[in-house]
Every structure is written in C-alpha cells, then in structure tokens.
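What follows is each chain in one-letter form.
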Amino acid sequence: MNDRQTDTRTAVVTGAGSGIGRAVAVELLRAGWSVALAGRRVEPLEETAALVPEAASLAVRTDVSREQDVNALFAAAVERFGRVDLLFNNAGTFGPGGVPVEELAYDAWRHVVDTNLNGAFLCARAAYRQMKEQDPQGGRIINNGSISAHAPRPHSVAYTATKHALTGLTKSLSLDGRPYRIAVGQIDIGNAATDMTKAMQAGVLQANGEVAPEPVMDVADVARTVRHMAELPLEANVQFATVLATTMPYVGRG
C-alpha cells in the first residue's frame, strides 16, 4: 500500500494478483496511474504493488461474486483516490478442465457463472454508479472477454457461455453509458503466457480430438493494449479488440 495521489487517473483492476490482471496493473502503475488492486487474497496483490513500489496503489481483498465485497472495493478506491476513471473487469476462472457437459457438476457451473459473469456485472454496476456521479463525469470500463467469446474449446461449456454473455454485457453497458461519458469496450485475448496457459505449450485438446501444443504470446503485449484502450479520450472507444498469439488455432481451421 502506497501513498495517496490525487493528480493522476485512477483504475480498479480485478484479478490483479496474477496473470493478465497483474501485468495490466503493473503497466498502469508504471504509466503513473493510481490503481486499486482487487483479488481473493491480499498477499498476491501486495506482491503486484511491490513491483512498482513508487506508484500509488491499494490492495483490497475482493471476491467479485459477492456484492458486499464489490461495493467495499469501490468505496475503498474512492476513499483513497477520490474517483474511478477505469475498471479493468478481469477476474475470472476457467472452472474444472476437461469435463464433458454431462459430467459437469452444477456447483462448478455456478462458480464459473458467479465469477465470470455475475462478478463482471457487479463490478461494472459499481463503476457505472461512481462514474455517473463523479465530477468530472465519466470513465471507462474494459471487460476481459477472451477468444472464447467467439469460439469454444472442447469441454469448456461454462467458461465459453460466460464469455459469450460478457460480449452482450459489454454492448449493453456501452449503449447505456453514452449519456454519462462512460465508454465500455472489450479485449478478447488468446493464449497470453500466464500460469493459466502453461498447459497449452505442452499440449491441449483440439476440436478434432487431437492433443497439440499451441503458441503463446507475451502477456506484456496484452497489458500494453489495455493501456492504449484506457488512455484514449472518452470521445474515442475501442469497442472490441482481439489480441492473440499470431499462429494459434483460431483464424481459419487451425
């Protein structure tokens, strides 16, 4: 936790303790943003903050599927930094991997939906309320959609369903935010190199039933893309951006 700053833009980044969330938080902190770091465990959030110790950051333990946690997160961010200019809606889970539809437990389905979709809604709603009322009015929300917002992997019904739903959430929020200078966009990421994607380099199940390794890209390239989207004036918006490992099996037939 670092000293308060009020002369820079403020972001809330969910899932900031690892992977894409950590990379984006670090990119923003290095660019002079004040960042509220949200995640289920405080220790990884503090590790993220320690990567840019000179920047203004705040670690807030948050389960995005819990309404009271989300409300407390935004209250803490506003109390510390005065406003919210950006929400990077990133927290998510893939759920149990390799489980066919007929074997997927309902509790596992609900956990993915509660985190990926309900959590994204709760955070967007809290950001929307703050951005609408603050002065100057407005802000930006960037949702982490994933390539799975376009095409599924085998045995990924819960994750894919939530990511398709997130696209609808993005479009609706974008429309409803227009009168209040709230710009909403989505970044769809394919195979960024994080702990979550380590298995891809060893080999993952493909649509044809084969197991094959897949290329990955540097997560820093994702972070730079999010920063570009975030730092546009509110009169401009990247509605949808797709950033992926160039030769991953997505475009065409593989």
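For the structure, check the block above.
Figured I'd write up the structure that's included with this text. (Residues numbered from 1 in each chain as written. Predicted model: local features only at pLDDT ≥ 70, side-chain atom pairs only at ≥ 80, totals over all residues. Heavy atoms only, no water.)

Axis separation between helix α4 (residues 106–133) and helix α5 (residues 157–177) bottoms out at 9 Å; the angle between their running directions is 15°. Relative to α5, the element α4 lies roughly parallel. The way α4 lies across α5 gives a crossing that is right-handed. Contacts from Trp109, Val112, Val113, Asn116, Leu117, Ala120, Phe121, Ala124 and Tyr128 in α4 reach Val157, Ala158, Tyr159, Ala161, Thr162, Lys163, Ala165, Leu166, Leu169, Leu173, Asp176 and Gly177 in α5. (Axes fitted to C-alpha atoms, helices over the stretch in contact; angles between N-to-C directions. Helix = DSSP H or I, 4+ residues; strand = E, 2+ residues; numbered from the N terminus. Parallel < 35°, antiparallel > 145°, perpendicular 65-115°, else oblique. Left-handed = near helix turned anticlockwise from the far one by under 90°. Contact = heavy atoms within 4.5 Å.)

A few words on the pairing of strand β4 (residues 86–89). Alternating residues of β4 divide into Leu86 and Phe88 and Leu87 and Asn89, and every residue in both groups is buried. The pairing of β4 with strand β5 (residues 139–144) spans four bridges and is classified as parallel. The partner of Leu86 across the bridge, within β5, is Arg140. Remark: the β4/α4/β5 crossover connection has right-handed handedness. (Buried < 20%, exposed > 50% of the residue type's maximum accessible area, 1.4 Å probe, protein only. Pairing = 2+ DSSP bridges. Right-handed = clockwise from strand over helix to strand, strands pointing away.)

Before going further, it helps to spend a moment on the packing of aromatic side chains. Taken as a whole and judged by the stated rule, the model has two aromatic pairs. With centroids separated by 4.8 Å and ring planes inclined at 40°, the aromatic side chains of Phe94 and Tyr159 adopt a geometry described as tilted. With Phe94 in the loop between β4 and α4 and Tyr159 in helix α5, this residue pair connects regions lying 65 residues apart in the sequence. Take Tyr159: its relative accessible area is 12%, and that puts it in the buried class. Summarising the aromatic geometry, the rings of Tyr128 and Tyr180 are spaced 6.0 Å apart at their centres and angled 75° between planes, so their arrangement reads as edge-to-face. Here Tyr180 lies in the loop between α5 and β6 (182–190) and Tyr128 lies in helix α4, a separation of 52 residues in the sequence. We classify Tyr180 as partly exposed; its relative accessible area is 24%. (Phe/Tyr/Trp six-rings, centres within 6.5 Å; stacked < 30°, edge-to-face > 60°.)

Turning next to the environment of Gly95. Here Gly95 is to be found in the loop between β4 and α4. The spatial distance from the C-alpha of Gly95 to the C-alpha of Glu54 is 36 Å, given a sequence separation of 41 residues.

Turning our attention to the sheet that holds β4. In any sheet, the strands associate via hydrogen bonds between backbone groups, in a parallel or an antiparallel arrangement. Strand order in the open sheet formed by seven strands is β3-β2-β1-β4-β5-β6-β9, and the pairing between neighbours is parallel. Strands with a single pairing partner mark the edges of an open sheet, and in this sheet they are β3 (57–61) and β9 (240–244). With direction set aside, neighbouring strand axes in the sheet form an average angle of 15°. By the bridge criterion, six bridges tie β5 to β6 in an arrangement that is parallel. Bridge assignment links Asn143 to a residue of β6, and that residue is Gln186. This element, helix α1 (residues 19–30), spans β1 (10–14), β2 (34–39), β3, β4, β5 and β6 of the sheet and lies at about 165° to β1.

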